[in-house]
Amino acid sequence: MTVRLRLDLAYDGTEFSGWAAQPSQRTVEGTLTAALSTVLRSPEMVSITVAGRTDSGVHARGQVAHVDVATEAFAALPGRSDRTPERALLNRLGGLLPPDVVVRRVTRAPDGFDARFSALERRYLYRLADAGAPRDPLRRRDTVWWPRSLDVATMDEAAQGLLGLKDFAAFCKRREGATTVRTLLEYRWARLDDGVLAATVRADAFCHSMVRSLVGAVVAVGEGRRPIAWPAELQDRVGRASEIRVMPAHGLSLEAVTYPPDEELAARAEAARARREMPAAGA
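About the cut-offs
- Residues numbered from 1 in each chain as written.
- Predicted model: local features only at pLDDT ≥ 70, side-chain atom pairs only at ≥ 80, totals over all residues.
- Heavy atoms only, no water.
- Axes fitted to C-alpha atoms, helices over the stretch in contact; angles between N-to-C directions.
- Helix = DSSP H or I, 4+ residues; strand = E, 2+ residues; numbered from the N terminus.
- Parallel < 35°, antiparallel > 145°, perpendicular 65-115°, else oblique.
- Left-handed = near helix turned anticlockwise from the far one by under 90°.
- Contact = heavy atoms within 4.5 Å.
- Nonpolar A, V, L, I, M, F, W, Y, C, P; charged D, E, K, R; others polar.
- Buried < 20%, exposed > 50% of the residue type's maximum accessible area, 1.4 Å probe, protein only.
- Polar contact = N/O pair within 3.5 Å; in protein donor to acceptor, adjacent residues only side chain to side chain.
- Disulfide = S-S within 2.5 Å.
- Pairing = 2+ DSSP bridges.
- Salt bridge = Lys/Arg side-chain N within 4 Å of Asp/Glu carboxyl O.
- Core = buried A, V, L, I, M, F, W, Y, C linked by side-chain atoms within 4.5 Å.
- Arc of directions from axis to C-beta.

## Topic: the packing of helix 4 (residues 152–160) against helix 5 (residues 210–222)
- Packing of helix 4 against helix 5 leaves a shortest axis separation of 8 Å and a crossing angle of 135°. The pairing of helix 4 with helix 5 is recorded here as oblique in orientation. Our pair here, helix 4 against helix 5, has a crossing hand that is right-handed. Where helix 4 approaches helix 5, its residues T154, M155, A158 and A159 are matched on the opposing element by V218, V219, V221 and G222.
- A breakdown of the residues in the contact of helix 4 with helix 5 according to their chemical character gives six nonpolar, two polar and no charged.

Now the structure itself:
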């Protein structure tokens, strides 16, 4: 018997080679798996499912994962204390994990919950300090310093042309057998009070390097090198557009993952596992 736990976590991706475990590389998954396996005294490495596999250098404030834990091991976590097993696990992880990974909450997952497939949407933030913005050394790890001035109004207009259910093959590093059809729910640009340009990007899911490519395409518009319609025109491509600059990873952060009500979790997971395709013409 096992109990499924939801983990809400955050991390500074600067010194990680992404989320996914890799041999001889420091990764978020590898670090968290080792800590969980130690706390749970598991003879085998614990398996973790995550909402979104972030690339090397990408940060997260609102990452979500789940793990299935043996019921006996879970019940034994408090020891002689009066803590709940959830609180005991949270506290013990806090003592083992390095300072660039923080598990903020541990809860029993509702029936049907899958951190990856039950998610309705993911929201990312990209921070960019152009030539007109002050350089803040205290935020150098999460803000890209750009040498040229950018027109935020034209960038925001160009971004609007990318919204909707579309094939984002031009913006993705293709993976064998993976679809590049996604629903881009929100993509907007604004200049914050500190002068930094910020992009908010929401979609049902993202393919590899999609967000950083979406940013790169619109930055070309903001510099005046491409017309406003150019990013949307790229969506006619059946493969990756080499003209798009993939922006630096450290400006990107996974801010939040949204899930449906508990009673809809299982149905959402089943629907998300189905391969997404573009609707037939005239359908």
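## Quick look at the side chain of D204
- Structurally, D204 is set in the loop between strand 9 (197–203) and helix 5.
- Classification of D204 by relative accessible area gives buried; the value is 11%.
- A distance of 3.0 Å separates a polar side-chain atom of D204 from the backbone nitrogen of T183.
- With residues up to four places along the chain from it excluded, the contact list for D204 reads L120, E121, R122, R182, T183, L185, R268 and R276.

## Some points on the state of the cysteines
- Within this structure, the stated rule accounts for one disulfide.
- Here C172 pairs with C207 through a disulfide, and the sulfurs are 1.7 Å apart. Here C207 lies in the loop between strand 9 and helix 5 and C172 lies in the loop between strand 7 (164–167) and strand 8 (181–191), a separation of 35 residues in the sequence.
- Taking relative accessible area as the criterion, C172 reaches 1% and is therefore assigned buried.
- For C207, a relative accessible area of 12% gives the class buried.

## Regarding the pairing of strand 1 (residues 2–11)
- Burial within strand 1 is extensive, with eight of its 10 residues counted as buried.
- Pairing between strand 1 and strand 3 (residues 59–70): nine bridges, direction antiparallel. Counterpart to L5 in the pairing with strand 3 is V67.
- The pairing of strand 1 with strand 4 (residues 101–108) spans seven bridges and is classified as antiparallel. Across the sheet, L5 pairs through a bridge with R108, a residue of strand 4.

## Considering the pattern of salt bridges
- Under the criterion given, the structure shown has 20 salt bridges.
- Residue R127 pairs with D142 through a salt bridge whose shortest N-O separation is 3.9 Å. With R127 in strand 5 (residues 121–129) and D142 in the loop between strand 5 and strand 6 (144–145), this pair connects stretches of sequence that are 15 residues apart.
- R127 gets classed as buried once you look at its relative accessible area, which sits at 7%.

## Some points on unusual backbone geometry
- Within the chain, R41 stands out as a residue other than glycine whose phi angle is a positive 55°.
- Turning to its location among the elements, R41 is positioned in the loop between helix 1 (28–39) and strand 2 (48–50).
- Its relative accessible area of 74% is what places R41 among the exposed residues.
- Positive phi, normally seen in glycine, also occurs at S209, with a value near 70°.
- Assignment of secondary structure puts S209 in the loop between strand 9 and helix 5.
- The exposure class of S209 is buried, given its relative accessible area of 5%.

## Focus on the nonpolar core
- Counting 80 residues, the largest nonpolar core has L128, Y187 and W189 as the members making the most contacts within it.
- With nine residues, helix 5 is the single largest residue contributor to this core.

## Quick word on the packing of helix 1 against helix 3 (residues 85–96)
- One way to put it is that helix 1 packs onto helix 3 with a least axis distance of 10 Å and a crossing angle of 125°. Judged by the angle between their axes, helix 1 and helix 3 are oblique. Handedness of the crossing formed by helix 1 with helix 3: right-handed. Contacts from A35, L36, T38 and V39 in helix 1 reach L89, R92, L93 and L96 in helix 3.
- In terms of residue class, the contact of helix 1 with helix 3 is made up of six nonpolar, one polar and one charged.

## What about helix 4?
- Within helix 4, burial applies to T154, M155, A158 and A159. The arc that holds every buried residue of helix 4, seen down its axis, measures 140°, which confines them to one face.
- At its buried positions, helix 4 is contacted by strand 8, strand 9, helix 5 and helix 6 (230–233).
- The residue sitting at the N-terminus of helix 4 and contributing the capping side-chain oxygen is D151; that oxygen lies 3.0 Å from the backbone nitrogen of A153.

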